[in-house]
Structure formats: structure tokens, C-alpha cells
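Report on the structure
Here are the chains, one letter per residue:
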Amino acid sequence: MNDLQILQFWQVLSIVLVISMQIGFLMLEAGAVRSRNSINVAQKNIADFIVCWIVFFILGYSVAFGLPSPIFTDSLSVNQTIQFVFNLSFCAATATIISGAVAERLKFSAYLVLTVFVAGCVFPISVALVWGNENGSIFSPVLALMGFVDFAGGTVVHVSAAGVALACVIIIGARNGRFNDEGKVIYIPANDPISQMLGCFIITVGWIGFNTGTLSPGQPEFNKALLNTLSACSFGGVAGMLLGYFVDRRIFDPNRAIFGILCGLVSSTAGAVYATSIQAIVTAIIAVAVSMFVAHKLLHKYLLDDPLDVVAIHGVAGVIGTIGVAFFLPEESLIQGSVIYQLIVQSVGSLGIFGLWFLCTWLFLKVYANVIPIRVCIEDEKIGLNYTEHGISLDSEFLKTSIKQTIIDEGSFQNSKELDVKVSDDMDANDIQQALNQLLSNQKKANKTIQNQSRRFLDFAATTNDLLWETDEQLNVTLLEGKQPSGKKINLLKQNVSPFFDSFQLLSDDIKACRDAMEKLLPVRKLEVKCTLLNDNVLQLSGIPFFDEDGDFKGYRGGGSDITEQKFSQQKADFLTNNDPLTQLKNRHKFANDLSNKQQEKNLGLMVIDVCSFREINESYGYEFGDALLHDIGRQLHLLENSKTSVYHLASDKFSLMISTSKDQQTLEKLIDVSKKRVEEIFTSTFFVNDKQVQIKVCVGICCLNDNNLEAPNLLRFADVALEKAKTEGPGTYIVFDQKMSDVANAQEQLVGEIETAFEENQFELYYQPKFTTASQTLTGFEALIRWNHPDKGVLSPFYFLDIVEKMNRLDDLGNWVFESVCKQLAELPNEQIRIAINVAPVQLKTPNFTQHLLEIANQYAVLPQRIELELLEEALLTSIDETRAILKKLRDVGFSIAIDDFGCGSTSLQYLYKLPATTLKIDRSFIIRICENNKAQEIAHSIVRMGRKLNMKVVAEGIETKEQFEVIRQWNCDEAQGYLFGKPMPVADMKKLILASKP
């Protein structure tokens, strides 16, 4: 798919998402109102869409954009069609928002007229004013010309709808029973909070299309709009819950969370692509707090009954989000570059739209209501709009009638105590309460039956809640009853009686103990059984014996739970403990256990397989591709699994085959040879992943136990030694471990121990090599270089030990020590103008909060970051370029300088160089030492100098050893020089002497 097709596909999908918001608003409003009005709500939401389609199709589209109505032309392009339907869905959303404000008292006919007004006037004119164009629209795009910004309709949809809603609430008045005679608010409970929350969730999903529908998934703005929408939603929901918790006296009212989520979504709409995540979150929290305050004032002070808080949520949050755009826009997008001017335009535009439609709607309804009543009468409101407006009743209405008829037919219910249930007169349950009081007024029930049932219930309740079972005195199962998800009981016994031990087959070995307990009439606890009556589901049962009034044993009663899913989950957990979920192969944990169990084996072999260049494959094709490739490799290697060969996935790109035999060493070698050939066949074949062909090479290390040399615990270590040697010889190499490698491995192991000692005993030391300006040969700073003061071998360069430190995963520790030591020395230097360069390993950049960590150390020694330059190898900068760039920018922003070390010998692409926030280029010494005798080396070095100067970067030539070399780079106007000509790396004492000697 090309970019246009992707955009069109996403726009169509966004239309579906926005239209699905109709469903969300339907469920939200239907759940919020009383059930006797829920059908009316659903009917209005459906009417919103179909009426808006007709009106916007015929009239509204032309008013909004000045284009011919689709009804008069068949020549709409794909983009025009998408634009039309997208704006239609926005129009329907505008009408549906207003529906929540007029719920439970507006006539349906009046609502249809109001919807026509919104679709033909309110929404199109708002669009024309904010998004229109000068060439065709009937109305001039006044706000657009002023520089007003409303990206996704924060004002066009939500503020407009809120203005209409406020006028409706004032004209129509409050619902009957919403306030008492003293003007105090009477709480009207929602009939279905779960539908409300589900509706809110659907609206949230739909809002993704609302805020990103005009963007392509390939645009950076798409990611920003998506993150801002969901961040504002989430933090708004949390803010709503927390504010509600304190306002509502320490309870978590779900309506507060819904309020906060909707406020957050509305506030994100106008500036979805302009705000940062933090700005979107802060705006959402402010919008929730202010909107909740306004909603409280409208209800309690001004007695305005807005059932779904439309004015507060969509009006206040919409205005706040729109005004906030002034603070989000980049400087170049601001009107005259001024936040104040933009703020004025945003405020005037948003509040002006609100005021315009409030006034127009108020006048419109005033005129209309004088001609035709727009509100249902009080009697119809009490009955409910479901019946009075649509002639439909819910099941509760039929239930009420049925109970009353039963009382009439059963005339014996007289002269008994009345069950007095108190329910508010305005609740749907009021009539049902009266019918139940009449039905239950006669309580002449058989006391013995009640007592027996109570005893039975207590017996059941003592043992279970999910399953009930009962036997007779012969231990035949006579009852097996469960619960459906709805809570309804269901009989699970497929025949009249069934022997207990045939119906429940014990899974554990204590079947005899269970039989003995039942023979002695003792309780049984937590029996795990396979139930043949329930498709062999696994149950956990408990039971106690029960007796009749004479003390005779009558059977067992008990209960239990269906633990089939728990057992499955346990099996799955066991699988994941010992297997890798990606490749389905045994994992490193299982490998360690199996190797430990085979410690006494004499004929045991191990092949360790490393997938070459796997990191490059991940970076080139993405991690999903890499995972798919590993899955395919695992599937192929799994075919090698048999009674003598086990296959393991040890790490991301590392696999292993463990081969064992009870026979002799010669048999083991044959088995290894067969496995080796099979591995070669697998990795000489082409892998097909996501329609791409990939050729994979591996390096393999092989190690075998025998009677003379090795022990099982060392098998993996020596196989890894063989693997490392294979890696040095290149992809496709298979190396079998021999005794000579053991000596190398032991030497490396000894070196690892010595390095650990070096860390513990602080044997590392920093040497400093000076840097001078080429123009005046003034000392400007030093490069810090690590050295190891080995107790036996003397001072060692990093080339001797740095690779081992990296394999030990101690580079980060060593880097921290270097940085802190440099800061300590800088604080003691006699010249505060001296700067020191520090080499940084790529792994350090991945440390969480790396920038903050360096700042804390520098602050500890009162050293300014401007005195420190961080040097990174050219190759390291190409790893995860976007992530690396972001980290380096943070370092630059706080004051550190960034140098690209050994520039010219790596593969830094020039298209990345200008993007990297580097301040310095250091020309690799391999060019400098040849500039006097090699024209190509001279031209490359000179090009680097010219390029650095054009990019406003300082250029340093390192490796200057002769005066001739220095003279060449001086003539090129290279900024600084470093090398043996000026000074070798020196200890800190000599560095201080040089600084003192260099002072003017």
C-alpha cells in the first residue's frame, strides 16, 4: 500500500471508530437514565445518525464547505467521499452529545426538530467559521482567518454542542423529582452503571479515530495525537476518581471516573497534535478539576439539571483544551509569533462559538415552545418515555402486571404481616414494591420446611459457593448443582443417582483415606477429583455428613469449585518455567536442571549455536521480524529433539543441543556428528519470514565429556570457549573444544578474577593526554585514559582488559568510576578553564536516567557540565540512532559537550551526522599519521576539517607525532591537536604541573 492508500484506509477506519461512538453514547446515556426511559434514549441516538445523514447530505455539507451536496452530484472523489462521511460522523456526534442534556423529559418530536437544527445549522456553520475556506463557503471562515486553531473539533463539535445543551437545559427545566421543595438535589440513581462504563470504554476507543482520522499512521503527528488522546483519557480518569473520592466522602463513584475520562478526551481534541504528553496530561487534569467544579455549581447553585453533565464536560473541557492550544503551538505557528495574541484568538473563538449557539438555540426553542410543547407532561414522565413516546415497556413492567394478577387469583393471602420495603416514589421499583408487599403479606409457610431448608443452606454455605452436591446414605450422588455466570442454578446430574466414587474419580493417591473417612462419617476436605458427570472437569470438593432428627446418617452434603482452569493455568505456568514461549524450546532454567541431573554422565556432549548478525537483523527489519525468525529457527531445531538429543533456547540468539548416550564415547561422537550435519542443513537453507528471504549463518562450539578431561558443570563454559573461538574465525565455523582451549579459558578466568580484585582494591588509575589549540598552541584540556596498575605486570593499557570487562558486564561500573574520578580532579585543578574529555561506552547510554546520574555526580563535586566532553566511538552512534540521538540531546541540553571519536574510520552516514547533537569531531589518527605521505589520507582528513567547520563543530586532530603533521593541520585551521608531539598520557600529578606551567 502506498502512503495515500494507507491514509485513506485509516480515514475509513476512523470513520467506523467515530460512528461507533454513537454506540458508546447510547450505552452511556441509556445506563445513566432510569430504565423506564432507556428505550427513548436508544431511539434518540439512532435518530441522531439517520436524521443527521439526511440533513447533512442535503444541506449541511454545502453550508459547511460551500461544495455541491452529494445528492446533486455523482462525481465525488474518494477523498471527498471520505471527507463527507467523516464530517457527517462528527455532526452525528454533536447531536448525540446534546441528547444527554435533555434526557428523560424532552418530547421525541421536539428532539427530532432539534437534531435537524443541529445538523443543518449549528454544526455546518461552526465548521464554516473554523475550518471553512474563502472560495466557496456561504459563511466566511472568520475564525480561521484570525488564526484560530481547532485540530479535531474541540470547539466545532464539543463547545458548540455544549452551547446548545445549556440553552436546552434552561428552557426545558429539570426532571420531575430532581429537586425537593427547598431546592436540595435529590439523587436519581443510574439503572445500569455497567452499561455506562462499557459505553465510556467504547467512546474512548472511538475517540482515537476522532483525534487521528485526518492523519496518516506514518506521520509523527499521528503518534503524538494517539499518545496525547490516551494519556489525557487515562490521567483524566484518575483525576476524576481521586477528586470524586474526596468530594464523595471516601468512596469511588464510577461516574467520577467516567466524568474524568470524558473531560480528558474532550480537552485533548483541539490540540491533539500540538501538545506534548505532559501538556496533554496537565490540560486534562485542569479540565477535570474545573469541569467538576462547574458541574457542581450548575446543579447545586443554579439548579440546572444536566443528567450527563454535558455543559461541564464538553463545554468547559472543550474551551480549556482549545485555549490551551495557544501554549502548545510551536513559535513559528503562533499568530505574529505571540502566545498572548494566540491566547486571545483562541479564547474569543471558543467562547464566541459557545455564546453564539447558546443564544441562537435559546431564541429558537423559545419560539418553537410557544407554538408546540417541547416537554412531556409530568404524568407521562412518571410513567416513562419508553411507553408514552414509543409504546414499549421493559420486562419489569410485565413483571409488575403478572405479580398483581397472581395476587388477585390467589385470594388466600389475607390476614398476615405486611413486608414493608421502602423505595423512593420516583424509582422504577416503586410499583413492584407495592405488589411484592401484597404478595408477601401472607407468611403462613410451613415452619418445618423453612427450618429444614435453613439447615440445608447452612450446611452448604459452610463448605462452598460454586458447586453443591449431596449423597444418600449409600453414598449415591443425588444432587449436583452448579451456577451459570448469571448466577442461575443448574442441575448437573444427568441421571437420578450415581455412585460417589464413579462420579468423582480422585486424582491424588489418598482414595483409601477418603473411603475410610466416609465410612467413619468424618468430614472430607479439598478432594481433587475428575468429574465424569461434567466432561471430566477437575473439581475440588469438601463435604460433611448430615443426619435426620433422630440422629440417623442420611448422607453427605457439600460443595466445591471447578478448578479446571486453575489446573490448566498451573500446567501452563509449569510449561513457561521450563520452556521459552517464543520458540517453544526448553529454556535456560531447564537446561541448568538437566545438566545438573547429568553430572554423573560419562558420555555427554553439548553444541552451543550462536546466530551471527542477529542484532543487525533486528535493527534492520525490526524486533517483530527478529522474533518471527527465532520462532522459525526454534521450529527447525525442535525437529532434532529425540530420546538422546534435547534442544534449548539459552538466550535471544543462542541455542544449545545436549546429546547423551549410555553407550561408549565413539557412539557419542557419531551422534554429535549427525546433529552437526543436521544443524548445517538447517542453516544452509533459506528462511522465509514475513515474505522476506533471510540467509542465516551460525557459529557453533562443541564440547564432549570423556573419562579423562572434563566434568559436567564445566561443559557449558568450555563449549562457550569453543564458540568464542568459532566467532573469531567467522560465520559458518564449527569448533570442537580441546585441552589447549582449556588453558586459554583458565587464563581468561584468572584474568576475570584479577579484574574483580582490581575493582575491589581500586587498582585503576586515570592518565591524561593534553590537547592544544593549533592557532596559539594554548593548553585547552585533556583526554582521560584508563590504566590498570597491575600488581605483577605493571601499568596496563585498556586494550589488555577492556574486552574482558565488557564480557563481565562491568563497563557501566568502570565508566561511573572514571566519570566520578574526573569530576573529583576537575574540582581540584588550578585552572577552571581546563576541560576534560571522557570516553563513554555504548552500554552506558542505555543506563536508565543516564543524564540525571551524571548531573548528580557533577553537582556532588560542584563541577559544571560545560567542563566535561563525552567522547563516543563513531560506530556506537549508529546503534538505535533515534534513541541515541534523544539521549545525546538531553546531555547537550544540560551542558555536556559531545565528541565523535575516531571519526572517518567507521560507517557514520552523513545523513545522520547533521542530526546528531555533537559538538566535536575527532579525526582518527590513522589518517593523521599518513597526511604527509599519502594524498588520499590528506584529502580525507582535510575534508573532515572543512565539513566540521561548515557544521559549526570543533575539529580535533589526534595522533600528532611530528611537526610536519602539525603544520599541515594548522594550515587547515583545525581547532585543536592531540598527540605525542605535545605530550604522552600522564598521571594526575604531572597534569597539574603542566597546567601551572601553561598559565600566562
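Use the structure listed above.
In this report, the structure presented in the accompanying data block is examined. What you see is a predicted model, and the numbers here were worked out from it, not measured in a lab. What you see as residue numbers is a count from 1 along each chain, following the sequence as written. Residues qualify for local features only when their pLDDT is at least 70, as the model is predicted, and side-chain atom pairs are given and counted only at 80 or more; totals for whole chains, interfaces and linings, by contrast, use all residues. The basis for every side-chain value is the complete set of non-hydrogen atoms in the structure, without hydrogens or water.

**A closer look at the overall build of the protein**
Formally: Secondary structure elements follow DSSP: runs of H or I of four or more residues count as helices, runs of E of two or more count as strands, with numbering from the N terminus. For each residue, the accessible area found with a 1.4 Å probe, counting protein chains only, is set against the maximum for its type, and the residue is called buried under 20%, exposed over 50%, and partly exposed in between. Every residue pair with non-hydrogen atoms within 4.5 Å of one another is taken to be in contact. The protein chains shown are the only cover counted for residues, whose accessible areas, like all others here, come from Shrake-Rupley with a 1.4 Å probe.
Within the protein, the secondary structure is distributed over 36 helices and 24 strands. Here the protein holds 1000 residues, and 48% of them are scored as buried. Relative to all contacts within the protein whose residues are 6 or more apart in sequence, the contacts with residues 24 or more apart total 68%. Surface summary for the protein: the accessible area is close to 49,300 Å², and the carbon and sulfur share equals 54%.

**What about the pairing of strand β8 (residues 553-562)?**
Walk down a regular strand and you will see the side chains alternate between the two sheet faces. Going by this rule: Criterion used throughout: strands pair if DSSP finds at least two bridges between them.
Relative to β8, strand β1 (residues 467-471) runs antiparallel, the two sharing four bridges. Following the sheet pairing, Trp 469 is matched in β8 by Gly 558. Bridging between strand β7 (residues 537-547) and β8 involves nine bridges; their strand directions are antiparallel. Across the sheet, residue Leu 539 finds its bridge partner in β8, namely Asp 562.

**A short note on a nonpolar patch on the surface**
Definition in use: Patch membership is restricted to residues that have no salt bridge and whose relative accessible area is over 30%. Joining uses 9 Å for like charges and 5 Å for the nonpolar side chains Val, Leu, Ile, Met, Phe, Trp and Tyr. Salt bridge, as used here, is a side-chain nitrogen of Lys or Arg placed within 4 Å of a carboxyl oxygen of Asp or Glu.
Nonpolar side chains collect at one region of the surface, where Val 142, Met 146, Ile 340, Ile 344 and Val 348 lie side by side and expose about 430 Å² of accessible area between them. At the level of elements, α5 (142-146) and α12 (339-371) are the ones that each hand at least two residues to the nonpolar patch. Take the nonpolar patch: its biggest share by element is three residues, from α12.

**Some remarks on the side chain of Glu 381**
Among the secondary structure elements, Glu 381 is positioned in helix α13 (residues 378-383). Apart from residues no more than four positions distant in its own chain, Glu 381 is found in contact with Arg 34, Arg 36, Glu 104, Arg 105, Arg 175, Asn 176, Arg 375 and Val 376.

**A few points about the nonpolar core**
Put simply, the test is: By nonpolar core is meant a set of buried Ala, Val, Leu, Ile, Met, Phe, Trp, Tyr and Cys residues that side-chain atoms within 4.5 Å join together.
In terms of nonpolar packing, the biggest core is built from 89 residues, with Leu 106, Phe 123, Cys 168 and Phe 210 touching the most fellow members. In terms of residues, this core owes the most to one element, helix α3 (residues 78-101), which gives 13 residues. With near-sequence residues (within four places) excluded, Leu 106 lies in contact with Tyr 111, Leu 114, Ile 172, Ile 374, Val 376 and Leu 385. Leu 811, Ile 868, Leu 891 and Met 991 belong to the second largest nonpolar core, which has 74 residues in total.

**Thoughts on the packing of helix α4 (residues 108-131) against α12**
Worth spelling out the cut-off: Axis geometry follows a simple rule: fit a line to the C-alpha atoms, using only the stretch in contact for helices, then measure angles between N-to-C directions, giving values from 0 to 180 degrees. Angle categories: roughly parallel below 35 degrees, roughly antiparallel above 145, roughly perpendicular from 65 to 115, and oblique for all the rest. By definition, turning the near helix anticlockwise from the far helix through less than a right angle yields a left-handed crossing, and turning it clockwise yields a right-handed one.
One can describe the packing of α4 onto α12 by two numbers: an axis separation of 12 Å at closest approach and a directional angle of 150 degrees. In terms of orientation, α4 lies roughly antiparallel with respect to α12. Classified by chirality, the crossing of α12 by α4 is right-handed. Contacts between α4 and α12 involve Ser 109, Ala 110, Val 113, Phe 117, Cys 121, Val 122, Ile 125, Ser 126 and Leu 129 from the first element and Ile 353, Leu 356, Trp 357, Cys 360, Thr 361, Phe 364 and Tyr 368 from the second.

**Looking at the sheet that holds strand β10 (residues 645-651)**
Strand order in the open sheet made by the five strands is β10-β11-β9-β14-β15, with mixed pairing throughout. Because the sheet does not close on itself, it has two edges, and the strands there are β10 and β15 (734-736). Strand-to-strand twist of the sheet, defined as the mean angle between neighbouring strand axes without regard to direction, takes the value 20 degrees. Examined bridge by bridge, strand β9 (residues 604-611) and strand β11 (residues 654-660) share seven bridges and lie antiparallel to one another.

**A closer look at the pattern of salt bridges**
Applying the stated criterion across every chain, the model contains 29 salt bridges. Here Arg 810 and Asp 813 are joined by a salt bridge, their closest N and O atoms 2.5 Å apart. Exposure remark for Asp 813: the relative accessible area of 35% places this residue in the partly exposed category. Linked by salt bridges that have partners in common, Arg 34, Glu 104, Arg 175, Arg 178 and Asp 305 make up one network.

**A short note on the environment of Gly 983**
Residue position: Gly 983 is located in the loop between β24 (976-978) and α36 (988-998). As for Gly 983 and Ile 960, which are separated by 23 residues in sequence, their C-alpha atoms are 9.8 Å apart. Beyond its immediate sequence surroundings of up to four residues, Gly 983 is in contact with Gln 769 and Pro 770.

**Brief notes about the layout of surface pockets**
In plain terms, the rule: Cavities and pockets are defined on a 1 Å grid built over the protein atoms alone: a cavity is a set of grid points where a 1.4 Å probe fits but cannot escape, while a pocket is an open set with protein on both sides within 12 Å along at least five of seven lines, and lining residues are those with an atom within 4 Å of any such point. Grid points are joined across faces, edges and corners, and a volume is the space filled by probe spheres set on the points. Throughout, the ten residues Ala, Val, Leu, Ile, Met, Phe, Trp, Tyr, Cys and Pro are labelled nonpolar, Asp, Glu, Lys and Arg are labelled charged, and all others, Gly among them, are labelled polar.
The calculated volume of the second largest pocket comes to roughly 1,100 Å³. Looking at the second largest pocket, it is lined by 37 residues, and the ones nearest its centre are Arg 178, Asn 255, Arg 256, Leu 299 and Asp 309. Contributions of two or more residues to the lining of the second largest pocket are made by α1 (3-32), α6 (154-172), α8 (220-247), α9 (254-269), α10 (277-300) and α11 (310-328). A total of seven residues in the lining of the second largest pocket trace back to one element, the largest contributor, which is α10. Split into classes, the residues belonging to the lining of the second largest pocket amount to 25 nonpolar, four polar and eight charged.

**Some thoughts on the environment of Thr 728**
Rules: We call two N or O atoms a polar contact when they sit within 3.5 Å, provided that within protein one can donate a hydrogen and the other can accept it, with sequence-adjacent residues counted only if both atoms are side-chain atoms.
Note on placement: Thr 728 falls in helix α25 (residues 715-729). Of the residues examined, Thr 728 reaches a relative accessible area of 66% and is grouped as exposed. With 29 residues separating them in the primary sequence, Thr 728 and Cys 699 have C-alpha atoms 9.4 Å apart. Polar side-chain contacts of Thr 728 include one of 2.5 Å to the backbone oxygen of Lys 725.

**Observations regarding helix α28 (residues 811-828)**
Because each turn of an α-helix spans 3.6 residues, side chains separated by three or four positions end up pointing in the same direction. Stated formally: Expected helix span is given by 1.5 Å per residue-to-residue step, counting one fewer step than there are residues.
Across its 18 residues, α28 extends 26 Å between first and last C-alpha, which sits within 8% of the 26 Å expected from 1.5 Å per residue. Among all positions of α28, only Leu 811, Leu 814, Gly 815, Asn 816, Val 818, Phe 819, Ser 821, Val 822, Cys 823, Gln 825 and Leu 826 are buried.

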